[in-house]
Amino acid sequence: SKSTNVSYERVELFENPKVPIEVEDEILEKYAESSLDHDMTVNELPRFFKDLQLEPTIWKLVRNEDVIIEGTDVIDFTKLVRCTCQLLILMNNLTVIDDLWSMLIRNCGRDVDFPQVALRDHVLSVKDLQKISNLIGADQSSGTIEMISCATDGKRLFMTYLDFGCVLGKLGYLKM
Amino acid sequence: MAKRLLESSQNDQANRKNSKIEKKEVSFYEEEETDDSFDSFYQDEEDDLSDIDWEEVSLDGSLTVTFGNIRRDREKVSKYKRKHNKKAFNYQRLKYGLHLIMIPFMLFLLKSRMKWIDDERLNRRLRRSVPKLIGKKFKDWDVRDPAFKMDSLRTLLLGLVLWFRSNYKMNSNGIRQNFNRLQYLIKYADNQNENSISESTYKKVLENQQEFYGNRPLINHGVEDIRKMAKRKMANRDILTLFFFIILENVLPGPKKLYLCFALPLHDYDIRCNKVKWQIEHGIGKVPNRFDSDLIQPYFWIELEVPTLSDGELYIIDPIAHLGEREMVLKTREDQFVPTYQPSVDMKYNLNQKFHYVVRINHAEKVLQDVSPRYVPNVCYRYFELSESSPILKSKHYTSYQYLSKWLKVLNKKKASVHHYAIMKKIALTNFTLPKSVTEIKRTDNFVIPSLLKSNEVLKACAKQAATFTKGDNSQEPIFWRRDVIQLKSKQHWAILGRSILPNAQPLKRKKYLPMRERMVRNLDKYVIKELFSYEQTMKSPKYPSTYCDHLGQEHVITDLSHYKNKFGNIEIYSKETKPDGFELIPLSKEVDIKCLIKEYNKGKRKMQKIKYLDVVSGFDFKQKKGHAIPKIESILVKETDYKAVQLLKQQTKVLLGLSFWDILLRKLRVNDRLNAEYGNVGNNEETLDDH
């Protein structure tokens, strides 16, 4: 690879974070509350995140498909734990992410084009990324598709604040 | 040397051709030479033909055909000509293409004609035009005894035809092809400006297409226009036949089966026009008048069966074209050949109306049926039972026939009548003329003589002699049916097609040939013997075995890839079905260098943990380097367990690639931002200075 700064060990560290026991206990407790007499579904996600007192500006960006059993709207517990832990990591690093994210938003001009949108609600498209990479003198289309694809698992052509936070996590920019 | 030989043979051919032209009288047409270049073109486009999806086009409205400028710039043309030795355009190909492409249009035309027959107002008008006297005669006939009815029906029909001919008249032209005009327009598109006379001729030919196709009746309002024609008792030969059909349907009492026959006026790819410029300048190929008097034979006619009177009896009625009373109404049997409808093959006449196919449609069920064998001789080849490797399958005549059959199936939406097919087969297989010259044998798909077999062809062991052929020097050679010829292929060729030679199969023929490699270094005596096998001697290539037996006879599962390695260090898998169980194919891609990934992964791993792979040859590239077969390696073979590991590696590489782009972007952007913050943007500074 081009840079020695990225390694798969670091990616795995973020993708499968070590969960402190007390955190896992709390998650389990809230999960049990939601699924006492039935399987927990996506409708109960907001209350679940609220009960855990997570940051609403980030958890509202969580995509249902990342925490459910495929093809249903039932929550997959393992996925939910992983997602919650990642949210916790991001919450501990909000200033770092905000800093870098606002740098991106500024450089592609979205802050001027959409002044009424809050910082964490912005999205970045392939074109925005292209604009930014032109700015720093990279030749056209150098890696922007790969970058978006890496940030969204190849599923979308735009990325959110949450996607960006996860990229930083995989890069090892965040305190774990 | 080989080249010189080739050249001299070409000269010979040219001389022969010249002398042929000198000897012969000038004729407008000539039969196409049987050359193999046509076959090679055909094979390229073989797949294309079958893959085309056709859309239904209604033929009641007008159809606009536009074409781009066919004139190419001069430089390009001269280059093209130089390259192709002045054989710039293959008209035979164009003709064959047009021949095929017109088949569905003609069939739709016949179908749409049949719809008019159901029009009530048209029926009424035509019924009322028949004099009461004639109507009464038919009614009287109906009450007589069957024997009398059988004997007198022809006379009655003849009377109706004669009355029809004197009351209904032709006033416009029918359907015809005109390849003379087309060939002239294409051939002289580039040099029409040479002198003003040829320029004006070209322009005239281009703009006055009615001179070459005639004035066809305008049908803009569908059946309404047809009713008007019936009222005026005037139309062209196709619509008049339709009128007679309706009249007959109305006046002939009792159960009957009426069929409208259509000899499809398709381009004839077997003949070529001579001196097309001279022909055009002398007005040959133009439509003589609105009666189509140059088209001596009809292309629309009627078949009538009266099943209650006699089974298998058939009346063939031509209400328009034929002059003799015998041909106007012909009484025959359904399994008899009818020679009078086949146009003469005199090359001095306008051959635009020669036909290959006759299709009929019946009134009651609107089912289309191929009745060609009744009217066209020498079509045995269409009804042969052919083996998979018969060369007939690839002949242009047969492909055209298959194409027609395919369309008939599509349009009928149900299975064809087995009985009808049997009758047609019987007529076809008994109606042929034996070839009298070598050219005739080359041209026919029905027969062959052993000396004309190609090097990869052989006669089946069961082949029976059909006749004896006497050559020019009075020596004799047996004639065989061409259906008994099979094409052979080498072991390697079969392998590429996914087939293996059966064990114990003996080659049916051995072919001596000089590999291109040797030919290029002029090693003309280093020939190779190739063994040839037939389709029947092969089977679908089996899977590579997934187990082996050791010297004690015990069976073991193969886990080591090297078991499959051939002497070139790879494995040949031409079809996925032969891939051994327990192993997986991984396609190589340009984005990720998979082999390199595996190499990286294997670094520092113990021998047992390393991922092993084998290059897979899936075909050969013959074009890259002349005379060489370059193996195509588009995938690798790995153990099933390693397959997942490689997929994971691929996934990880992709993620890491994306991340490293992110890393670079963020670092650079941060530096950029800091520079801007600390030193300010140079451009902005200047602006602020200007303001002060």
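That block above? That's the structure.
Residues numbered from 1 in each chain as written. Chains lettered and ligands numbered in written order. Predicted model: local features only at pLDDT ≥ 70, side-chain atom pairs only at ≥ 80, totals over all residues. Heavy atoms only, no water.

Undergrad: Tell me about the overall build of chain A, and name the residues and values.
TA: Helix and strand content of chain A: 10 helices and 2 strands. Ordered by position from the N terminus, the helices and strands of chain A form the series α-α-α-α-α-α-α-β-α-α-β-α. When contacts within chain A are restricted to residue pairs at least 6 apart in sequence, long-range pairs at least 24 apart make up 61% of them. Entry remark: accessible area of chain A is about 9400 Å², with carbon and sulfur atoms responsible for 51%. (Helix = DSSP H or I, 4+ residues; strand = E, 2+ residues; numbered from the N terminus. Contact = heavy atoms within 4.5 Å. Areas by Shrake-Rupley, 256 points an atom, 1.4 Å probe, with all protein chains shown as cover.)

Undergrad: Hey, could you go over the nonpolar core for me, with residue numbers and the actual values?
TA: Ranked by size, the top nonpolar core spans 105 residues in total, and within it Phe243(B) and Tyr375(B) carry the most contacts. Considering every element that reaches this core, the biggest residue donor is helix α4 (residues 91–117) of chain B, with 12 residues. Those residues in contact with Phe243(B) that sit more than four places away from it in its chain are Leu122(B), Leu126(B), Phe164(B), Tyr168(B), Ile226(B), Met229(B), Ala230(B) and Ala235(B). Membership of the second largest hydrophobic core comes to 62 residues, among which are Met40(A), Ile68(A), Cys85(A) and Leu94(A). (Core = buried A, V, L, I, M, F, W, Y, C linked by side-chain atoms within 4.5 Å. Buried < 20%, exposed > 50% of the residue type's maximum accessible area, 1.4 Å probe, protein only.)

Undergrad: Break down the sheet that holds strand β6 (residues 300–305) of chain B for me, with residues and values.
TA: Residue and element names in this part refer to chain B. Taken together, the 6 strands give an open sheet; going across it, the order is β8-β7-β6-β4-β9-β10, and neighbouring strands pair in antiparallel fashion. A strand with exactly one partner marks an edge of an open sheet, and here the two such strands are β8 (329–333) and β10 (368–370). When strand polarity is set aside, the average angle formed by the axes of neighbouring strands in this sheet is 30°. In terms of strand pairing, strand β9 (residues 358–362) meets β10 through 3 bridges, oriented antiparallel. Bridge pairing links Ile 361 to Leu 368 in β10. Here helix α7 (residues 146–167) sits on the sheet in contact with β6, β7 (313–317) and β8, set at roughly 10° to β7. Strand contacts of helix α16 (residues 396–412): β9 and β10, with the helix running at about 160° to β10, the strand carrying the most contacts. (Pairing = 2+ DSSP bridges. Axes fitted to C-alpha atoms, helices over the stretch in contact; angles between N-to-C directions.)

Undergrad: An account of the pairing of β9(B) is needed here, citing residue identities and associated values.
TA: Residue and element names in this part refer to chain B. With 5 of its 5 residues buried, β9 lies for the most part within the structure. Neither face of β9 is open: one carries Val 358, Arg 360 and Asn 362, the other Val 359 and Ile 361, and all of them are buried. Alignment of strand β4 (residues 257–263) against β9, held across 5 bridges, turns out to be antiparallel. Paired with Ala 263 across the two strands is Val 358, which belongs to β9. Connecting β9 to the antiparallel partner β10 that follows it, the hairpin turn spans 5 residues, and Lys 366 within it adopts a positive phi of roughly 55°.

Undergrad: Give a detailed account of the packing of aromatic side chains, specifying residues and quantitative values.
TA: Applying the stated criterion across every chain, the model contains 33 aromatic pairs over all chains. With centroids separated by 5.3 Å and ring planes inclined at 40°, the aromatic side chains of Trp101(A) and Phe164(A) adopt a geometry described as tilted. Here Phe164(A) lies in helix α10 (residues 161–171) and Trp101(A) lies in helix α6 (residues 94–108), a separation of 63 residues in the sequence. Given the relative accessible area of 0%, Trp101(A) is considered buried. For Phe164(A), a relative accessible area of 0% corresponds to the buried category. Grouping aromatic residues by their ring pairs yields a cluster made of Trp163(B), Phe164(B), Tyr168(B), Phe243(B) and Phe244(B). Sitting above the plane of the Phe158(A) ring, Arg156(A) keeps its charged end 5.8 Å from the centroid. Of note, Lys149(B) hangs over the ring of Trp141(B), and the distance from its end group to the ring centre comes to 5.0 Å. (Phe/Tyr/Trp six-rings, centres within 6.5 Å; stacked < 30°, edge-to-face > 60°. Lys NZ or Arg CZ within 6 Å of the ring centre and 35° of its normal.)

Undergrad: Break down unusual backbone geometry for me, with residues and values.
TA: The phi dihedral of Gln53(A) is positive, around 60°, even though this residue is not glycine. Tracing the chain through its elements places Gln53(A) in the loop between α3 (45–51) and α4 (56–59). In this structure Gln53(A) comes out as exposed when scored by relative accessible area, which is 67%. Unlike most non-glycine residues, Asn474(B) shows phi in positive territory, near 65°. With respect to the helices and strands, the residue Asn474(B) is situated in the loop between β13 (465–470) and β14 (476–481).

Undergrad: Which residues make up the state of the cysteines, and what values go with them?
TA: In total, this model carries 0 disulfides over all chains according to the counting rule given. There is no disulfide at Cys166(A), and the cysteine sulfur nearest it, in Cys83(A), is 8.1 Å away. (Disulfide = S-S within 2.5 Å.)

Undergrad: Requested: an account of the side chain of Asp615(B), with residues and values cited.
TA: Inspection of the secondary structure assignment puts Asp615(B) in strand β25 (residues 614–621). In this view, Asp615(B) contacts Asn570(B), Ile571(B), Lys595(B), Ile633(B), Ser635(B) and Ile636(B); residues no more than four positions away in its chain are not counted.

Undergrad: Describe the interface of chain A and chain B, and please don't skip the residues or the numbers.
TA: Taken together, the 30 residues of chain A in the interface contact 18 residues of chain B. Summed over both sides, the interface between chain A and chain B buries roughly 2500 Å², with carbon and sulfur atoms accounting for 76% of that surface. When the area that chain A buries against chain B is broken down by residue, the three leading residues are Tyr8(A), Ile136(A) and Met147(A), summing to 25%. At the boundary of chain A and chain B, one finds 1 salt bridge. Note that Arg106(A) and Asp673(B) form a salt bridge whose closest N and O atoms lie 3.0 Å from each other. At the junction of chain A with chain B, the criterion picks out 4 residue pairs in polar contact (both at pLDDT 80 or more). For the side of chain A that touches chain B, the secondary-structure elements that each account for two or more residues are α1 (8–15), α6, α8 (126–135), α9 (144–152) and α10 of chain A. Here the residues of the side of chain A that touches chain B are counted per class, giving 19 nonpolar, 7 polar and 4 charged. (Buried area = accessible area lost by both parts, 1.4 Å probe. Salt bridge = Lys/Arg side-chain N within 4 Å of Asp/Glu carboxyl O. Polar contact = N/O pair within 3.5 Å; in protein donor to acceptor, adjacent residues only side chain to side chain. Nonpolar A, V, L, I, M, F, W, Y, C, P; charged D, E, K, R; others polar.)

Undergrad: Can you tell me about the pattern of salt bridges, naming the residues and giving the values?
TA: All names here are of chain B. In the structure shown here, the tally under the stated rule is 28 salt bridges over all chains. The salt bridge partner of Lys 603 is Glu 600, with a shortest N-O separation of 3.2 Å. Taking the relative accessible area as the measure of exposure, Lys 603 reaches 59% and is therefore exposed. By relative accessible area, which is 48% here, Glu 600 ends up partly exposed. Within this structure, Glu 303, Glu 305, Arg 360 and Arg 374 form a network of salt bridges that share partners.

Undergrad: Now, about the packing of α1(A) against α10(A): what can you tell me, with residues and values included?
TA: All names here are of chain A. Between α1 and α10, the shortest axis-to-axis distance is 7 Å and the interhelical angle comes to 130°. Taken as axis vectors, α1 and α10 run oblique relative to one another. On α10, the residues that touch Arg 10, Val 11, Phe 14 and Glu 15 of α1 are Cys 166, Gly 169, Lys 170 and Leu 171. Tallied by class, residues from the contact of α1 with α10 come to 4 nonpolar, 1 polar and 3 charged. (Parallel < 35°, antiparallel > 145°, perpendicular 65-115°, else oblique.)

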